[in-house]
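Here's the letter readout for the chains.
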Amino acid sequence: MTLRRSMLFLPGANAAMLSTAFVYKPDSIMFDLEDAVSLREKDAARLLVFHALQNPAYADIETVVRINPLATPFGLADLEAVVRAGVDIVRLPKTDSAADVHELEAQVERIERECGREVGSTRLMAAIESASGVVNALAIATASKRLVGIALAGFDYVMDMQTERGDGTELFYARCAVLHAARVAGIDAFDVVYSDVNDEAGFLREVELIRKLGFNGKSLINPRQIELLHNAYAPSEEDVDHAQRVIAAADKAEREGLGVIALNGKMIDAPIVNHARRVLQRAQASGVRK
Ligand SMILES: CC(=O)SCCNC(=O)CCNC(=O)[C@H](O)C(C)(C)COP(=O)(O)OP(=O)(O)OC[C@H]1O[C@@H](n2cnc3c(N)ncnc32)[C@H](O)[C@@H]1OP(=O)(O)O
Ligand SMILES: O=C([O-])CC(=O)C(=O)O
Ligand SMILES: [Mg+2]
């Protein structure tokens, strides 16, 4: 089970953060070359990220780079650098259609051939940041076998929708659309950045909502958000206890040749048993909630 709960953004031009970010142990680390980097620093950031990707300290952590869109003067140079440096995943921002993914994939394949990297080894993620992207979410999610996930990017999305970030009402349709597209495609779904790094309670409320909806995780901007997210995503001791009892009851029913059974007055059938198995798998991979 590949856990991708936390994807920590950091500005590609920030040399100090680039040299230490692995210590925070997010599931994936995302070096940004796009909106967190000023126009003046685009070239310097690309070079810093090129070297960071080859730092042995990042060998055991999944690396993601958010490149600039290919239609900008920086996008292709970013892609050339990060594929050659052996990035695990390229995140394409502002993905509006499947054609954007096809264009990215063709360039990645060309660069892999040119630099001798195994064709297909560079994985992709698409960030959806507009009404077009949300309407085309299924076509985007199924546009390439290289895609490991799609992410909703809330700040650009609410601008496109002529609204603003609030209690989540403004993201409700987009979250559901992105999540359904990801599940049909069999890939991961990532929720938006929570920008107030000092508002722990607000962050946890948002995490609880997206966990219940079914997101795999969230893009983060600060190391303090990692442990909060991982803990909220870990099953509680009661969840684990209940899952073990469900599986024991189901095993007993099978031995006795019974179909549907009840545990403490609640029906146990195949989807409930499958859910219990997922809870135990998750507890094994992530530990139990503190
Ligand atoms: C809409 C979008 O496009 S969002 C995506 C792009 N945005 C980003 O990449 C922003 C990333 N985050 C940041 O730059 C910062 O966390 C900020 C500006 C939001 C807050 O900065 P601060 O108030 O300085 O954070 P804080 O006080 O918690 O920092 C504590 C330590 O964590 C480090 N840190 C903070 N954020 C990060 C990060 N994202 N990655 C790695 N290290 C970080 C700081 O350098 C500091 O280290 P130090 O103690 O060794 O000096
Ligand atoms: O991609 C992200 O998660 C952040 C982002 O650009 C946005 O919210 O516009
Ligand atoms: Mg954005």
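What counts and how
Residues numbered from 1 in each chain as written. Chains lettered and ligands numbered in written order. Predicted model: local features only at pLDDT ≥ 70, side-chain atom pairs only at ≥ 80, totals over all residues. Heavy atoms only, no water. UniProt positions renumbered as here; feature names shortened; annotations may be inferred. Donors = N, O, S within 2.8 Å, 3.2 Å for Na, K, Ca; no water. Helix = DSSP H or I, 4+ residues; strand = E, 2+ residues; numbered from the N terminus. Buried < 20%, exposed > 50% of the residue type's maximum accessible area, 1.4 Å probe, protein only. Near = heavy atom within 4 Å. Polar contact = N/O pair within 3.5 Å; in protein donor to acceptor, adjacent residues only side chain to side chain. Nonpolar A, V, L, I, M, F, W, Y, C, P; charged D, E, K, R; others polar. Phe/Tyr/Trp six-rings, centres within 6.5 Å; stacked < 30°, edge-to-face > 60°. Pairing = 2+ DSSP bridges. Right-handed = clockwise from strand over helix to strand, strands pointing away.

- Per an unreviewed UniProt entry, the chain goes by Citrate lyase subunit beta and derives from Rubrivivax gelatinosus.
- Reading the Cofactor (unreviewed entry) entry of the UniProt record for the chain gives the comment "Mg(2+)".
- One UniProt comment on the chain, placed under Subcellular location (unreviewed entry), says "Cytoplasm".

**Focus: the coordination of the magnesium ion (ligand 3)**
Part 1 of the reasoning: All of the protein donors around the magnesium ion (ligand 3) are Glu129 (OE) and Asp156 (OD); their distances to the metal are 2.0 to 2.2 Å. Note that Glu129 is positioned in the loop between strand 5 (123–128) and helix 5 (131–135) and Asp156 in helix 7 (residues 154–160), a separation of 27 residues in sequence.
Part 2 of the reasoning: Relative accessible area serves as the criterion here: at 5%, Glu129 is assigned to the buried category.

**So, the site of ligand 1**
Part 1 of the reasoning: Taken together, 15 residues form the shell around ligand 1, and within it Phe9, Arg66, Ile221, Asn222 and Arg224 come nearest.
Part 2 of the reasoning: The contact in question runs from an oxygen atom of ligand 1 to an N or O atom on the side chain of Arg66, over 2.9 Å.
Part 3 of the reasoning: Within the side chain of Arg224, an N or O atom sits 2.7 Å from an oxygen atom of ligand 1.
Part 4 of the reasoning: The element contributing the most residues to the shell around ligand 1 is strand 1 (residues 6–11), with four residues.
Part 5 of the reasoning: Looking at the shell around ligand 1, its residues break down into eleven nonpolar, one polar and three charged.

**Observations concerning the packing of aromatic side chains**
Part 1 of the reasoning: Considering all chains together, one arrives at three aromatic pairs under this definition.
Part 2 of the reasoning: Arranged with centres 5.5 Å apart and planes meeting at 90°, the rings of Phe22 and Tyr58 form a pair that is edge-to-face. One end of the pair, Phe22, is in the loop between helix 1 (15–20) and strand 2 (28–32); the other, Tyr58, is in the loop between helix 2 (42–52) and strand 3 (62–66), and 36 residues separate them in sequence.
Part 3 of the reasoning: Given the relative accessible area of 27%, Phe22 is considered partly exposed.

**Here we look at the pairing of strand 7 (residues 188–191)**
Part 1 of the reasoning: The alternating pattern of strand 7 places Asp188 and Phe190 and Ala189 and Asp191 on opposite faces, both of which are buried.
Part 2 of the reasoning: By the bridge criterion, three bridges tie strand 6 (residues 147–152) to strand 7 in an arrangement that is parallel. Note on strand 7: the bridge partner recorded for Ile150 is Ala189.
Part 3 of the reasoning: In terms of strand pairing, strand 7 meets strand 8 (residues 217–220) through two bridges, oriented parallel. Bridged to Phe190 within strand 8 is Gly217.
Part 4 of the reasoning: After leaving strand 7, the chain enters helix 9 (residues 200–213) and then returns to the sheet as strand 8, a path that is right-handed.

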